[in-house]
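Each chain, letter by letter, is given below.
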Amino acid sequence: MKNYYETVFIIDPGLPDEVTNQIIEKVTDIIKKHQGEILELDRMGKRRLAYEINKRQYGFYVVMEHETEPAVNKEFEEYFNINENILRYMTVRYTKKDLKNREFQRAKEAARKEKREKENS
Amino acid sequence: MLKRAKRMCRFCENRDHFIDFKDDKRLNKFTTERGKIIPRRISGTCAKHQRQLATAVKRARQVALIPYIIDTPR
């Protein structure tokens, strides 16, 4: 029984790119290990934090949407808690209804954008 | 008492039932300058969306996209 999740995590921004990529790969591996399918991966990149975490003002945000077995959450906890380079993490579960609502919103946004572009040309 | 009771909930008007906690630009419109959540009677949102808003704001705060409190907005 796979569920639809969205996981956000914040990586220390001062790390070299290879390390950051390694972390992201490790997370994708964890997901795949639980028969997970990654639907979206958004590297939001460096952002200013609203408050300082572990003495840092900035963080590297990564957002992943995936459809996985629920056991993945336990492993997330273990990995994210132990790795000191990960400052925060949060996994949210979406129901079919949530996804439907979101699709509706996105379709509206897309239609609105198209209309604007037509008027501008 | 709702101010201007005729005014509809901003979300209901647009049939918007998904409030994304990552959308800080939008969420900031519903928080005060101190970072507190604006009450329903001021913002005019309906009960259902106020609840969704509140959870979205609280989640965003947890992942440091919006602050819990702003000390000196000078």
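Residues numbered from 1 in each chain as written. Chains lettered and ligands numbered in written order. Predicted model: local features only at pLDDT ≥ 70, side-chain atom pairs only at ≥ 80, totals over all residues. Heavy atoms only, no water.

Engineer: Lay out the layout of surface pockets with the relevant residues and their values.
Structural biologist: In this structure, the largest pocket spans a volume of roughly 900 Å³. Along the wall of the largest pocket there are 28 residues; nearest its centre are Glu109(A), Phe18(B), Asp20(B), Asp23(B) and Arg26(B). For the lining of the largest pocket, the secondary structure elements donating two or more residues are β2 (37-53), β3 (56-68) and α3 (96-120) of chain A together with α1 (10-13) and α2 (24-28) of chain B. Per-element accounting of the lining of the largest pocket gives the leading share, seven residues, to α3(A). Its residues placed into classes, the lining of the largest pocket shows seven nonpolar, two polar and 19 charged. Here the second largest pocket is characterised by a volume of approximately 320 Å³. Elements supplying a minimum of two residues to the lining of the second largest pocket: β4 (86-94) and α3 of chain A together with α4 (47-62) of chain B. The greatest single-element share of the lining of the second largest pocket, amounting to five residues, is contributed by α4(B). Class assignment for the residues of the lining of the second largest pocket results in five nonpolar, five polar and five charged. (1 Å grid on protein atoms, 1.4 Å probe; cavity = no way out; pocket = protein on both sides within 12 Å on 5 of 7 lines; lining within 4 Å. Points joined across faces, edges and corners; volume = space filled by probe spheres on them. Helix = DSSP H or I, 4+ residues; strand = E, 2+ residues; numbered from the N terminus. Nonpolar A, V, L, I, M, F, W, Y, C, P; charged D, E, K, R; others polar.)

Engineer: So what about the sheet that holds β4(A)? Which residues, and what values?
Structural biologist: Residue and element names in this part refer to chain A. In space, the four strands of this open sheet follow the order β2-β3-β1-β4, with antiparallel pairing throughout. Single-partner strands in this sheet number two, and they are β2 and β4. Adjacent strand axes in the sheet meet at a mean angle of 20°, parallel and antiparallel pairs treated alike. As defined by bridge partners, strand β1 (residues 3-11) adjoins β4 across eight bridges and the pair is classed as antiparallel. Note that in β4 the partner of Ile 10 across the bridge is Arg 88. The strands touched by helix α2 (residues 72-82) within the sheet are β1, β3 and β4, with β4 carrying the most contacts at an inclination of about 165°. (Pairing = 2+ DSSP bridges. Axes fitted to C-alpha atoms, helices over the stretch in contact; angles between N-to-C directions. Contact = heavy atoms within 4.5 Å.)

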